[in-house]
Amino acid sequence: MSSPTMSEHPTDVVVVGAGVVGLSVAWRARTRYGLTVTVVDPAPGRGASHAAAGMLTPVSELQYGEESLLRLSIESARRYPEFAAELTEAADLPSGYHACGTIAVALDADDRAVLKDLHAYQQRLGLQSSWLTSRECRRLEPMLSPAITGGLHVEDDHQIDNRRLVAALLVACARAGVVFVRESVERILVAGERAHGVRTAGGRDLIADQVLLAAGCRSALVPGLPPEAIPPVRPVKGEILRLKVPPALLPLLSRNVRGVVKGGSMYLVPRADGELVIGATEHELGHDTEVTAGGVYELLRDAHELVPGITELPLVETLAGLRPGSPDNAPIIGRSALPGLVVATGHYRHGILLTPITADTVAEVLAHGTTPELVAPFGPDRFATAARKVMA
Ligand code: GLY
């Protein structure tokens, strides 16, 4: 093997991972703070960011006990229109942002009780959502099955076409002077107890003042880090389908549809261009990305219960992505235990939703070394603190 070569020009930041998180932070760090940035990834934008559905639905996907994550999600959703407009201008490409609203519907009486409880919880938190009868649901979305028993309308939960978002971020980064190195990272370089760059699989040493680890669920696998700096992320597999609505049938649906179907949940995300995304399964099977017949069956079966007409549509893609799960389902954002290493991972089911807030806050961490108050509860140190409490 040849000996490593050094990068000729040390950069301010080297970013490991070119998903929406790595790309958006790179773009912000470059354009807002003038930092020099190199992004390292063998296949930019092809991981979880490519597989995702792009739901921007903090209220309709609210989970019990996650109020602090909700605050972050709502703030990120609030920043989306401006973020998307800025990106469109910078890349001269559509960002895919679509303010369409979301309807969450229940199939049977038990599913209705689940959504009624969710509605009561949303009301207690002062969130905007309204309860609809089955007939009212179908007035909003006539293709819904008459069998549904009711639902919730959340007018402020929207969507973005995640693939357009990735494409726009890649162009905006390149235009801003972000450098791309299409290789995998062999290891993070540590010298004098500080991260100071990465060695690529091709044997190049990219030297940087700071390293941003934003490699999704692979963030825990990048060699070179002391144990206390490794973010506790794991892969959570999600199978997802893409169907195509022919122009004559558009719009089949006008807003996101979340469904509670016999106790399970799923979603349908319609795009204006006819793409219909149906997702997603959830399995903890390591790094397996096989699409199974069972996964496809389950998704189509439940989608058909809610919108019977979907079985007429061409199935154009089946895919499995790996969400970066964290121990408390919230992102891991901020300076790590290793000086010079900042992390932005663990976004689990909300990477696309949390992109604007992650970009803004992590770029600030990189530029000023200070952690914005909004993301202070999501620092990597919270797990070390929890471990210490268990040991005490
Ligand atoms: N955000 C939807 C999912 O993870 O399936």
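Preceding this section is the structure that the text describes.
Overview of the structure. (Residues numbered from 1 in each chain as written. Predicted model: local features only at pLDDT ≥ 70, side-chain atom pairs only at ≥ 80, totals over all residues. Heavy atoms only, no water.)

In this structure, Pro-251 follows Leu-250 across a cis peptide bond, with omega equal to -10°. The topology assignment puts Pro-251 in the loop between strand 14 (234-244) and strand 15 (256-261). Cis peptide bonds are those with omega within 30 degrees of zero, and the linkage from Gly-279 to Ala-280 qualifies with -20°. As for its position among the elements, Ala-280 is in the loop between strand 17 (275-279) and helix 7 (293-306). Of note in this structure, Glu-193 is not a glycine but carries a positive phi near 60°. Turning to its location among the elements, Glu-193 is positioned in the loop between strand 11 (185-191) and strand 12 (194-200). Its relative accessible area of 67% is what places Glu-193 among the exposed residues. At Tyr-348, a position not held by glycine, the phi torsion is positive, near 50°. Of note, Tyr-348 is situated in the loop between strand 20 (341-345) and helix 8 (355-368). Its relative accessible area of 15% is what places Tyr-348 among the buried residues. (Helix = DSSP H or I, 4+ residues; strand = E, 2+ residues; numbered from the N terminus. Buried < 20%, exposed > 50% of the residue type's maximum accessible area, 1.4 Å probe, protein only.)

Moving on to helix 4 (residues 109-124). Here helix 4 is 16 residues long and its end C-alpha atoms lie 23 Å apart, about the 22 Å a rise of 1.5 Å per residue gives. For helix 4, the full list of buried residues reads Asp-111, Leu-115, Leu-118, His-119, Tyr-121 and Gln-122. The buried residues of helix 4 occupy an angular sector of 160° when projected down its axis, which confines them to one face. Among the exposed residues of helix 4, those pointing more than 90 degrees away from its buried face are Ala-109, Asp-110 and Arg-124. Looking at the buried residues of helix 4, the elements they touch are helix 3 (67-91), strand 6 (102-106), strand 7 (130-132), strand 8 (150-154) and strand 15. Between the side-chain oxygen at the start of helix 4 and the backbone nitrogen of Asp-110 there is a gap of 3.1 Å, and the oxygen is on Asp-108. (Expected span 1.5 Å × (residues − 1). Arc of directions from axis to C-beta. Contact = heavy atoms within 4.5 Å. Polar contact = N/O pair within 3.5 Å; in protein donor to acceptor, adjacent residues only side chain to side chain.)

A word on the packing of aromatic side chains. Summed over all chains, the structure comprises four aromatic pairs. For the ring pair Tyr-80 and Phe-83, a centre distance of 5.8 Å and an interplane angle of 85° mean the geometry is edge-to-face. Residue Tyr-80 and its partner Phe-83 are located together in helix 3, separated by three residues, close to a single helical turn. The interplanar angle of 10° and the centroid separation of 5.9 Å between the aromatic rings of Tyr-80 and Tyr-97 together place this pair among those described as stacked. Taken together, the residues Tyr-80 in helix 3 and Tyr-97 in strand 5 (residues 97-98) connect sequence positions 17 residues apart. An aromatic cluster of three or more residues is present, and its members are Trp-27, Tyr-80, Phe-83 and Tyr-97. (Phe/Tyr/Trp six-rings, centres within 6.5 Å; stacked < 30°, edge-to-face > 60°.)

As a further point, take the site of the ligand. Tyr-267, Ala-280, Arg-323 and Arg-349 make up every residue found near the ligand. One of the side-chain nitrogen or oxygen atoms of Arg-323 is found 2.7 Å away from an oxygen atom of the ligand. In the complex, the protein chains occlude 87% of the 200 Å² of accessible area that the ligand would expose alone. Looking at the shell around the ligand, its residues break down into two nonpolar, no polar and two charged. (Near = heavy atom within 4 Å. Areas by Shrake-Rupley, 256 points an atom, 1.4 Å probe, with all protein chains shown as cover. Nonpolar A, V, L, I, M, F, W, Y, C, P; charged D, E, K, R; others polar.)

A few words now on the side chain of Asp-161. Tracing the sequence through the fold places Asp-161 in the loop between strand 9 (158-160) and helix 6 (162-176). If we skip the residues at most four places from it in the chain, Asp-161 touches Ser-95, Gly-96, Arg-271 and Glu-275.

Here we take up the sheet that holds strand 4 (residues 55-56). If you walk across this open sheet you meet the three strands as 4-9-5, and the pairing is antiparallel. Every other strand in the sheet has two partners, leaving strand 4 and strand 5 as the edge strands with one partner each. Pairing analysis gives two bridges linking strand 4 to strand 9, with the strands arranged antiparallel. Bridge pairing links Met-55 to Gln-159 in strand 9. (Pairing = 2+ DSSP bridges.)

Time to look at the pattern of salt bridges. Scanning the entire structure with this criterion turns up 24 salt bridges. Note that Glu-86 is salt-bridged to Arg-28, the shortest N-O span being 2.8 Å. Residue Glu-86 is found in helix 3, and its partner Arg-28 is found in helix 1 (residues 20-33); the two are separated by 58 residues along the sequence. Residue Lys-262 is joined to Glu-305 by a salt bridge in which the shortest nitrogen-to-oxygen separation is 3.1 Å. Separated by 43 residues along the polypeptide, Lys-262 in the loop between strand 15 and strand 16 (264-270) and Glu-305 in helix 7 bring together distant segments of the chain. Judged by its relative accessible area of 26%, Glu-305 is partly exposed. Connected via shared salt-bridge partners are Asp-161, Arg-163, Arg-164, Arg-242, Arg-271, Asp-273, Glu-275 and Glu-317. (Salt bridge = Lys/Arg side-chain N within 4 Å of Asp/Glu carboxyl O.)

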